[in-house]
Amino acid sequence: MDLSPPPGRAAAAGAAQAALRRLGTGRGGVLVFDGARGTGKTRMLAETVALARRAGMTTATGRATGLDRAAPLATLTGVLAGCPLLAPWPDDRAGPARDRLLLSDLAGRLGAVRPDRPLLIGVDDVHLADELTAHGLPTLTAASGAVLWVLAAGPAGTRGPARDAVDALVGDGADRVVLDDLSDEDVAGLCARAAGAPPGDDLAELLAGAGGNPFLCQELLRCLSAAGRVRVVDGRVRLVEAGPLPPRFCDRVGAWLGDLPDSARRLLEAGAVLGRPFTVHEVAGLTGRSAVELAGAAQDADAAGMLRATGAELDFRHRLVRDAVYAGLGEPVRAALHREAAGVVRQEGRGAAEAADHLLRSGHPGAAQAVGVLREAVRRRAARSPAEAADLAMRALDLTPPDGSDDGTRSVTELTVEAMRLLTLSGRASRARALGERALPAAPDAETETRLLTGLADALRHLGDDAVLVEHTRRALARPGVTDPLRAELLALQAYGLMSGGAADDAECAAAQAEELGRLTGRDGARVLGGIAASVAASARGDYTRALAAAREAVAVADAAGPRERQRHPRLWLVRPLIGLDRFADAGTVLDLAEQEAAELGTTWSGPLWCLHRAQLRLSAGRLREAAEDASEGLRRLPGPEPGPLALPLLTLLAETQIRGDDLAAAHRTLRRAGRVSGLNGDHGGHLAWRRLLFQEAAGRHEEACRTAVGLCTAPPARSSLIKGCPLVAGTLVRLTARCGDGRHARALVAALREQAAGLPGVAWPSAVAAHGHGLVTGAPDDLAEAVELYRWTERPFARAAALEDAAAAERAAGSAARAQALLEEAAETWYAGGAVRDADRVRKLLTDAASPGVAPAPAPRPAAPAAAPPVVPVAPDGPVLTRSERRVARLVADGLTNRQIASRLRISPHTVDTHVRNSFRKFGVTNRVEMTREFLAWERTQGT
C-alpha cells in the first residue's frame, strides 16, 4: 500500500499505511489526524480512505457539522447510513430507548466484522460531533473487531464533548498524528507541485504570511495563478506585479472562517484593523463590547487556530488571514473602525505615530488631525527620545504640504528646524543636513532662512564640516535684520566651527560674543555651545584651568535650562581639562555620569564622543587594552557610512594602542583608513601625524620619524594642543629633533613647555615634561632624574617610562651602568604593566645589549600575554634598587599606614601609591606588606639613611 504524501506529510502518510497494513491482517484500531484548520487533516483522511478502497476494503465515511449537535447520534447515523455491513437499522422505537438500542446494536455488529472483510470508518471534523456520538465513541471503538476508525479532529484546544472523547481515545492508546505547519522547504515543495517550480524571493515572502498553513498556501497560489499574477522566470515562480491580495482569495478565507461564532469573527476584524498584537481591552474599546464578553470569543479564535497569545496580547497566527480579514471589510466600515482605533490607541498609551496612521486611514479630514497628534507627540518626546521624536517630526512633515500662507510657511519652517535638531541629536546629522539644504532655497524671508541656516549649521557641526559651517554662519550673520537671539546661536555655532578648524583665537572671540548675547537674550543654547567652544579653545592652548571653568559654566547653564540644553552634553567637555589637570578620578566620574545622561536623554550622537574621551583617559593612565576597547567601541557607534569628525581621533588612538601592543600589521591598516578619513576632514589636531611618527619609529624608519617630528614642530597652532596635552608627544618630539641636530626646534619646544608649566602651578606633569625636554637637550643625568621624580607624582606611567629610558641613556653615557640598568628595569616593568609590549621589548633588548657588550644580543623573550603580571625582578646581592618615591612609600608602609593614608600624607593618588607598593613587592620578591616591611627595614640598614 503506497500513499504519495504532500510535502511535509511523510510521517502522516507512514502512519496511515501502517494502520491499513494492520487492518489487512484483521487488526483494527483508531488513527487520529490532529491539527489546526487548514493543515490537511481532511486531505489525509480522504487519501487514507481512497487507499483502503483500492485495497478492496469496505469504507464508511462522513463529516460532522455544527448542526449535528442538535440531534443525538446524527454524526454516527450520517457516517454509517450507507454502509452495507450495518444496514438495515431498526427504527421501530423513538427517543432515548431507540438511541440506546442503536448503540448496542452497532457495538454488536462492529464486533462481528470479520478479518477477511475489514472495515474503515472515517469521520472528518469529529470534534463537531453530537454529544451522544461522542459518548458512544469509546465504547464502539473498544468493541470493534477488524475495524479501523480514522478520525480527523480540530486542535487540542477545541472545546466540547467530542474533542474530550478524542483525547480520551488517544490516552487509551489510539495512534495520533499531529499535522503541524509546513517548513519553508515544504512550502517551496508545495509551490513546485502546484506551479511547476519553487517560489522566487518575492513570492516566498508573500507565502511566508501563511505561516506554513497548507490551505492558505494552496489557495493563494491557486488564486494568484487564476488572476495571471505569477509566472515562471529563470526556474522560479515570481510575482508578475505587486498588489493587494486577490479578491477570490479573501473570499475563500472568509468562507473558511464562516463556521466561527459571530463574536470571534468580530474580534478578528477588530484585530485586523489594529494591525499588530492587541489586547482584549483594546478590542473592547474598538467594538463597544465588554472584555468579559470578548474573552470567550478570544478562546474560540484561539481554539480555531486563528490567534495565539503573546504574553498579555493576542496576535494572528497567519499574516495572510489578518490581511484577508481586513480586505474583506467594506471601506466605510474600515474608515469608521480606524477613526475609533485612533482614540483607543491614544487612550491605551500607544505611540502617536500609530494614532496618526489610524486617523489617516479614516479619511481625508483625518490628515489634519494626524499632523496635530504627531506634533504634540514631538513636543512631548523630544526631551527624552530624540530618535523617536525625529521620526514623528519627519512623518508630520510628509503630511504637511505648504499651503502658501504665511502661517503655513511658518509652521512648516518650525517643524523642519525641529526635525533637523532631533535628527542631529539622534545621530542622523547627514539626513538633517539634506533636509536643511532642501528647505533652504524655498525660504520666503530672511528670518526663515536664518533659522534654517542655524539648524543646518548645527548638523554641519556634528558632521565636522567646519569650513562649510563657518561659511553658513557668516552668510547668516551678514543678513540684515538678524535678531539678537538668532545672532547668539549663530555666533556659538561659528565659534565651534572656528575652534574645530584650528582658529582658536577667532573661536574664543566668537564664543565670548555668543555667551554675552545669549545671557542678554535668554538663549541658553548659545551660552552652552559658546561655553563648550571656549573650553575647547582654552584646552588647545594648554590653559586647562580656564577650560575647566568655561565647561563648568556651560554645564551649570544646561542643567538649569533642562533636557533640551542638556542634550548638548557640555559635561563631556569637562573631561579634557580634568585630564590636563591630572584629575583622572574626577574625569572617570564625569564620564560615568555622561554615559548615564546619554541613556536618559536618548542622545545617541554622544556615544562616540564619550568613548573617545574614555579611551584618552585610559591611554594617559597607561591602560592600553581598555583604551583600545573604548576606541573600537567608539568606532562601532559612529553613525552612518560617512566618517564624522570623531573618526580620525578614534582611529589614530586605536592605531597607537596597536603599535604599542606590537601589532604593526593592524596598525598599518588602521593608519591607512585614518589617512582616507583625514583626506575628507583634515588632520587639524595632528593626531595622524603623531601616530605615523610612532609607526615609523616602531618600523625602524628613524629618518622619516625625524622629518615627521620637525613637521609637527612647525605645524599650524592647531596642533599645539596635541603637544601641550600629551607629555609623550612633547618628550618624543624633543628627543627626535635633538637627535637629528635640530637644536633650535628642541629648545623652542622646551621654552613652550616651561611656559605651560608656569601657567599650571600645582600640576606635576607639565613641570615633568619641561624637565624631561630640558634634560634631553642638555643630556645631563640629574636633569632627567628630576623629570623621572616629577613624573612619579603623576598618574601617567607611559610618560614616566619614556623618561626612565632617557635617564638610563644619560646614566650609561656618564658611566653609571648599574644605575642605568635599574632605570631600564623599572621602565620595562612600567611599559609591560600597561600592556605596551613593543615598548617593553625594546627596553629588554637594551638590557640584553648592556649585559653582553660586543655580542649580538639574542631576541628578548616575549611575555606570554600583556595581561599577565611581569616577572619578579631578582634581588641583587646588596638589595634591590628603589626609586626615591618607592622608598618614601615603603617607609610609610613599614610605619603601618594604609594606601589611602599614604596617599593623603603625600598628596598623591591611591593609584600611584598602589603602583609604588606593587613595584616594591616585585623588587623585594615578597607577596604581602608584612614580608615587605621586614625586608625593607633590613635593606634600609644596609643602605644608611
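For the rest of this paragraph, the subject is the overall build of the chain. Within the chain, the secondary structure is distributed over 47 helices and nine strands. Seen along its three principal axes, the alpha-carbon backbone of the chain occupies a region of about 130 × 80 × 55 Å. Per-residue burial over the chain gives 52% buried out of 945 residues. Intrachain contacts of the chain at a sequence separation of at least 6 include 66% that bridge at least 24 residues.

Counting 219 residues, the largest nonpolar core has Phe249, Leu257 and Trp831 as the members making the most contacts within it. Here the element with the most residues in this core is helix H23 (residues 484-500); it accounts for ten residues. When neighbours within four sequence positions are excluded, Leu257 is seen to be in contact with Arg37, Arg265, Leu268, Met306, Val321 and Val325.

The strand order across the open sheet built from five strands is E2-E3-E4-E1-E5, with neighbouring strands paired in parallel fashion. In the strand order of this sheet, the two ends are held by strand E2 (58-63) and strand E5 (175-178), each with one partner. Neighbour to neighbour, the strand axes of the sheet diverge by 15° on average, direction disregarded. Summarising the sheet, strand E1 (residues 29-34) and E5 pair through four bridges and their orientation is parallel. In the strand pairing of E5, Phe33 is matched with Val177. Sheet strands in contact with helix H1 (residues 10-24) are E1, strand E3 (119-124), strand E4 (147-153) and E5, and its direction is about 165° off that of E1. Where helix H2 (residues 41-54) meets the sheet, it contacts E1, E2, E3 and E4, and its direction lies at approximately 165° from that of E3.

What follows deals with the confidence of the model for the chain. In this model, the chain carries an average pLDDT of 84, and 90% of its residues clear a pLDDT of 70 or more. Segment residues 854-877: pLDDT under 50, and 35 contacts once partners within four positions in sequence are set aside and those in other chains are kept.

Two quantities define a packed helix pair, namely the angle between the helix axes and the distance between the axes. At a minimum axis separation of 8 Å, helix H11 (residues 262-274) and helix H14 (residues 319-328) run at an interaxial angle of 100°. Classified by the angle between their axes, H11 and H14 sit roughly perpendicular to one another. Residues Leu268, Glu269, Ala272 and Val273 of H11 form the contact with H14, whose participating residues are Arg322, Val325 and Tyr326. A breakdown of the residues in the contact of H11 with H14 according to their chemical character gives five nonpolar, no polar and two charged.

A word on the pattern of salt bridges. All told, the structure shown has 54 salt bridges when counted by the stated rule. Its salt-bridge partner being Arg222, residue Glu219 comes within 2.5 Å of it at the nearest N-O pair. With Glu219 and Arg222 both in helix H9 (residues 214-226) and three residues apart, the pair spans about one turn of that helix. Using a relative accessible area of 7% as the deciding quantity, one classes Glu219 as buried.

Counted at 1.5 Å a residue, the expected span for H1 with its 15 residues is 21 Å, and the 21 Å between its end C-alpha atoms agrees. Within H1 the residues assigned to the buried category are Ala12, Ala13, Ala16, Gln17, Ala19, Leu20 and Leu23. Along the long axis of H1, the arc covered by the buried residues comes to 160°, so they all point the same way. In this structure, H1 carries Ala10 and Ala11 as exposed residues pointing more than 90 degrees from its buried face. At its buried positions, H1 is contacted by E1, H2, E3, E4 and E5.

Across four bridges, strand E6 (residues 230-233) lies against strand E7 (residues 236-239) in antiparallel orientation. Along E7, the bridge assignment pairs Arg231 with Arg238. Counted between consecutive antiparallel strands, the loop separating E6 from E7 contains two residues, among which Asp234 sits at a positive phi close to 55°.

The phi angle at Asp234 is positive, at roughly 55°, despite the residue not being glycine. A positive phi angle is found at Asp582, which is not glycine, with a value near 60°. Along the chain, Asp582 turns up in the loop between helix H28 (575-580) and helix H29 (584-601).

Right, let's talk about the packing of aromatic side chains for a bit. If you walk through the whole model with that rule in mind, you get five aromatic pairs. Members of the aromatic cluster, each reached through a chain of ring pairs, are Phe924, Phe936 and Trp939. It is Arg334 that lies over the ring of Tyr326; its NZ or CZ is 5.2 Å from the centre. Against the face of Tyr832 rests Arg844, its NZ or CZ located 5.8 Å from the ring centre.

The next point concerns the environment of Leu784. By secondary structure assignment, the location of Leu784 is in helix H40 (residues 781-791). Classification of Leu784 by relative accessible area gives buried; the value is 2%. Residues Leu784 and Arg660 lie 124 residues apart in sequence; the distance between their C-alpha atoms is 23 Å. Look past the residues within four positions of Leu784 in its chain and what remains in contact with it is His772, Gly775, Leu776, Asp806, Ala807 and Ala810.

The next thing to look at is H9. Here H9 is 13 residues long and its end C-alpha atoms lie 18 Å apart, about the 18 Å a rise of 1.5 Å per residue gives. Listing the buried residues of H9 in full gives Pro214, Phe215, Leu216, Cys217, Glu219, Leu220, Leu221, Cys223 and Leu224. Each element contacted by the buried residues of H9 is listed here: helix H7 (184-195), helix H8 (201-208), E6, E7, helix H10 (247-256) and H14. The distance from a side-chain oxygen at the start of H9 to the backbone nitrogen of Phe215 is 3.1 Å, and the residue carrying that oxygen is Asn213.

Further remarks concern the packing of helix H12 (residues 280-287) against helix H13 (residues 291-303). Between H12 and H13, whose axes approach to 9 Å, the crossing angle comes to 115°. The way H12 lies across H13 gives a crossing that is right-handed. Across the interface between the two elements, Val280, Val283, Ala284 and Thr287 of H12 pack against Ala291, Leu294 and Ala298 of H13. A class-by-class count of the residues in the contact of H12 with H13 yields six nonpolar, one polar and no charged.

Enumeration over the complete set of coordinates arrives at zero disulfides. For the unlinked cysteine Cys217, the closest cysteine sulfur is that of Cys191, found at 9.1 Å. Of the residues examined, Cys217 reaches a relative accessible area of 1% and is grouped as buried.

Let's shift gears to the side chain of Ser539. As for its position among the elements, Ser539 is in helix H25 (residues 524-540). Sequence-distant contacts of Ser539, defined by excluding residues within four places in its chain, comprise Tyr544, Ala547, Arg576, Pro577 and Ser721.

Bringing the environment of Ala13 into the picture now. Counting through the fold element by element, Ala13 comes out in helix H1. Since its relative accessible area comes to 3%, Ala13 is described here as buried. Once the C-alpha coordinates of Ala13 and Thr48 are considered, the two residues, 35 residues apart in sequence, prove to be 8.1 Å apart.

Looking at the element boundaries, Thr75 is found in helix H3 (residues 74-80). By relative accessible area, which is 4% here, Thr75 ends up buried. Each C-alpha atom, one on Thr75 and one on Ser885, is 99 Å from the other, the two residues being 810 residues apart in sequence. Apart from the residues within four sequence positions on either side, Thr75 is in contact with Ala64, Asp68, Val123, Ala129, Asp130 and Thr133.

Quick notes on the rules
Residues numbered from 1 in each chain as written. Predicted model: local features only at pLDDT ≥ 70, side-chain atom pairs only at ≥ 80, totals over all residues. Heavy atoms only, no water. Helix = DSSP H or I, 4+ residues; strand = E, 2+ residues; numbered from the N terminus. Buried < 20%, exposed > 50% of the residue type's maximum accessible area, 1.4 Å probe, protein only. Contact = heavy atoms within 4.5 Å. Core = buried A, V, L, I, M, F, W, Y, C linked by side-chain atoms within 4.5 Å. Pairing = 2+ DSSP bridges. Axes fitted to C-alpha atoms, helices over the stretch in contact; angles between N-to-C directions. pLDDT = per-residue confidence, 0-100. Parallel < 35°, antiparallel > 145°, perpendicular 65-115°, else oblique. Nonpolar A, V, L, I, M, F, W, Y, C, P; charged D, E, K, R; others polar. Salt bridge = Lys/Arg side-chain N within 4 Å of Asp/Glu carboxyl O. Expected span 1.5 Å × (residues − 1). Arc of directions from axis to C-beta. Phe/Tyr/Trp six-rings, centres within 6.5 Å; stacked < 30°, edge-to-face > 60°. Lys NZ or Arg CZ within 6 Å of the ring centre and 35° of its normal. Polar contact = N/O pair within 3.5 Å; in protein donor to acceptor, adjacent residues only side chain to side chain. Left-handed = near helix turned anticlockwise from the far one by under 90°. Disulfide = S-S within 2.5 Å.

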